[in-house]
Amino acid sequence: MTDSLMATYKRLPVCFERGEGAWLWDNNGKRYLDALSGIAVCGLGHAHPTVAQAISQQAETLIHTSNLYEIKQQSSLGDRLTRLAKMDRVFFSNSGAEANEAAIKIARLYGHSKGIETPAIIVMENSFHGRTMATLSATGNRKVQAGFEPLVQGFIRVPFNDIESLKTAAQTNNNIVAILVEPIQGEGGVVIPAADYLNQIRELCDQKEWLMMLDEVQTGMGRTGQMFAHQHNNIVPDVMTLAKALGNGVPIGACLAKGIAAEILVPGTHGSTFGGNPLACAAASAVIDTLEKDHLTERAAALGKRLLNEFHERLEQHEGVKEIRGCGLMIAIELDRPCGDLVGAALMLGKLLINVTADNVVRLLPPLVLTDEQADELVATLSGIIKTFLQKSSSNKT
Ligand SMILES: *Cc1c(COP(=O)(O)O)cnc(C)c1O
């Protein structure tokens, strides 16, 4: 469309003009069903009136001051988030990568405070933590790292969902200070670990005095059917990062911490010009208000079950479908072949927004406000498109 933008994204040839709930309209007036929510960002759907009103009221009053001064909206959002997450303190950033940067800096300061000169953080294969230098170094995907060497040092990589290799790493390294892990790997293909994986990590971290750091940038804010995904396990991490759905589209991230980890950052060690400004915090407070008032976390759990059941019924026996899995409204249909073409097909033929990640995994992240009728439409449209795709691509194979 224009050459003035750096070519960081291969964009689909559609431009949306307005939205309402799970609906989007393009600039030709055509209506689409959004089963991606701007990659798990617009959990409350588009143009949510409560969020829109909070933003416009705040914009008319005060958008930004500075973290050199007290910010009432930031303090009250901090109180609510720490209470919800059973954490002690929070640092506000503008994105997921920045929230993870804060977590990584906390882990390193924690290590140095224990006399460890080259502190190391255990990270997972197949993980995604962001695109800044430290977070891409923590990320377990060579495609994200290639060309950006030298990478940031101090990360030890182990397979995801494998407690034994964590224990082996513990035996062979004496400089480990933390584990950074996603409760469910999102970009990695909606990889759901064993039910007690996080509990075992909690136990190991307690035993070794490591910080358990959860990247809930994608899984947080009700997406999985709990406010935070680790609440399925009845544990509390030492550090948790949030972003994506926290502001329903207004950029805001958060790094929450508990106990000793909450006391590590002091004046001069970290900061952000924009982080936690009145506008972003007003939006995030409106998001939490709405999640609570409309019981959207419970809704995500119920809708997730319904969608999984229906996809199982329609696609499970189909040749080419490897696995259908999900947790709340984080849903994956894994195929036995690369299926990136499905994104364009769903958009053009089905007027449906979906995503494909890890090459062969159809990923659905619909808004938590999806109606039952929209859920049925999603299942019917997508099942048809996947079946057609599988038939065509198997006849092409030979
Ligand atoms: C999206 C994502 C990030 C990066 O967030 P940005 O806001 O794009 O920097 C980090 N971790 C996880 C798990 C994510 O899904």
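**Q** Give me the lowdown on the site of the ligand, citing residues and values where you can.
**A** Contacts to the ligand come from Ser-95, Gly-96, Ala-97, Asn-100, Phe-128, His-129, Gly-130, Glu-182, Asp-215, Val-217, Gln-218 and Lys-244. Between the ligand and Gly-96 there is a distance of 2.8 Å, counted from an oxygen atom to a backbone nitrogen or oxygen. A distance of 2.8 Å separates an oxygen atom of the ligand from a polar atom in the backbone of Ala-97. Protein chains shield 81% of the accessible area of the ligand, which is 380 Å² for the free molecule. Per element, the largest residue contribution to the shell around the ligand is three residues, and it comes from helix 4 (residues 96–113).

**Q** Summarise the sheet that holds strand 12 (residues 330–335); cite the residues concerned and give the values.
**A** Sheet architecture is open: four strands sit in the order 11-12-15-14, paired in antiparallel fashion. Of all the strands in the sheet, the pair left with one neighbour each is strand 11 (321–327) and strand 14 (355–357). Pairwise comparison of adjacent strand axes, ignoring direction, gives a mean angle of 25° for this sheet. On the sheet, helix 10 (residues 296–315) packs against strand 11, strand 12 and strand 15 (361–364) and is oriented at approximately 170° with respect to strand 11.

**Q** Go over the layout of surface pockets, please, and point to the residues and values.
**A** By volume, the second largest pocket is sized at about 800 Å³. Gln-74, Arg-89, Val-90, Phe-91 and Phe-92 are, among the 29 residues lining the second largest pocket, the residues nearest its centre. Those elements that place two or more of their residues in the lining of the second largest pocket are helix 3 (72–85), strand 4 (89–93) and strand 10 (253–257). With five residues, the single largest contributor to the lining of the second largest pocket is helix 3. Residue composition of the lining of the second largest pocket, grouped by class: 13 nonpolar, 12 polar and four charged.

**Q** Can you lay out the packing of helix 2 (residues 49–61) against helix 9 (residues 278–293) for me, pointing to particular residues and giving the numbers?
**A** Contact geometry for helix 2 and helix 9: axes closest at 9 Å, N-to-C directions at 155°. The orientation of helix 2 relative to helix 9 falls into the category roughly antiparallel. Regarding helix 2 and helix 9, the two cross each other, and that crossing is right-handed. Taking contact as the criterion, the partners of Thr-50, Val-51, Ala-54, Ile-55, Gln-58 and Ala-59 in helix 2 are, on helix 9, Pro-278, Leu-279, Ala-282, Ala-283, Ala-286, Val-287 and Thr-290. Here the residues of the contact of helix 2 with helix 9 are counted per class, giving 10 nonpolar, three polar and no charged.

**Q** Go over the pattern of salt bridges, please, and point to the residues and values.
**A** Tallied over the full model, the rule gives 15 salt bridges. Where Arg-142 meets Glu-149, a salt bridge forms, and the shortest distance between an N and an O atom there is 2.8 Å. Look at Glu-149 and you get partly exposed, because its relative accessible area is 41%. Residue Arg-202 pairs with Asp-206 through a salt bridge whose shortest N-O separation is 2.9 Å. Taken together, the residues Arg-202 and Asp-206, both in helix 8 (residues 197–208) and four residues apart, mark about one turn of the helix. For Asp-206, a relative accessible area of 49% gives the class partly exposed.

**Q** Can you lay out helix 11 (residues 341–350) for me, pointing to particular residues and giving the numbers?
**A** Among the residues of helix 11, Leu-342, Val-343, Ala-346, Leu-347 and Gly-350 are the ones counted as buried. Along the axis of helix 11, the buried positions cluster into a sector of 135°, meaning they face one direction only. Projecting away from the buried face of helix 11 at angles above 90 degrees are the exposed residues Asp-341 and Leu-349.

**Q** How would you sum up the nonpolar core? Please name residues and give values.
**A** As a rule of thumb, nonpolar side chains are buried together in soluble globular proteins. Counting residues in hydrophobic clusters, the biggest one holds 64 residues, and the most contacted among them are Leu-81, Phe-311, Ile-333, Leu-342, Val-362, Leu-378 and Leu-382. Not counting chain neighbours up to four residues away, the residues in contact with Leu-81 comprise Phe-92, Phe-228, Leu-242, Leu-246, Ala-254, Leu-256 and Ile-288. If you look at the next biggest cluster of nonpolar residues, it comprises 24 residues, including Phe-91, Ile-116, Ile-121 and Val-177.

**Q** Lay out the packing of helix 7 (residues 163–172) against helix 8 in plain terms, naming residues and giving numbers.
**A** As a packed pair, helix 7 and helix 8 sit with axes 10 Å apart at the nearest point and diverge in direction by 15°. Classified by the interaxial angle, the pair formed by helix 7 and helix 8 is roughly parallel. Between helix 7 and helix 8 lies a crossing whose hand is right-handed. Contacts between helix 7 and helix 8 involve Ile-163, Leu-166, Lys-167 and Ala-170 from the former and Tyr-197, Gln-200, Ile-201, Leu-204 and Lys-208 from the latter.

What counts and what doesn't
- Residues numbered from 1 in each chain as written.
- Predicted model: local features only at pLDDT ≥ 70, side-chain atom pairs only at ≥ 80, totals over all residues.
- Heavy atoms only, no water.
- Near = heavy atom within 4 Å.
- Polar contact = N/O pair within 3.5 Å; in protein donor to acceptor, adjacent residues only side chain to side chain.
- Areas by Shrake-Rupley, 256 points an atom, 1.4 Å probe, with all protein chains shown as cover.
- Helix = DSSP H or I, 4+ residues; strand = E, 2+ residues; numbered from the N terminus.
- Pairing = 2+ DSSP bridges.
- Axes fitted to C-alpha atoms, helices over the stretch in contact; angles between N-to-C directions.
- Contact = heavy atoms within 4.5 Å.
- 1 Å grid on protein atoms, 1.4 Å probe; cavity = no way out; pocket = protein on both sides within 12 Å on 5 of 7 lines; lining within 4 Å.
- Points joined across faces, edges and corners; volume = space filled by probe spheres on them.
- Nonpolar A, V, L, I, M, F, W, Y, C, P; charged D, E, K, R; others polar.
- Parallel < 35°, antiparallel > 145°, perpendicular 65-115°, else oblique.
- Left-handed = near helix turned anticlockwise from the far one by under 90°.
- Salt bridge = Lys/Arg side-chain N within 4 Å of Asp/Glu carboxyl O.
- Buried < 20%, exposed > 50% of the residue type's maximum accessible area, 1.4 Å probe, protein only.
- Arc of directions from axis to C-beta.
- Core = buried A, V, L, I, M, F, W, Y, C linked by side-chain atoms within 4.5 Å.

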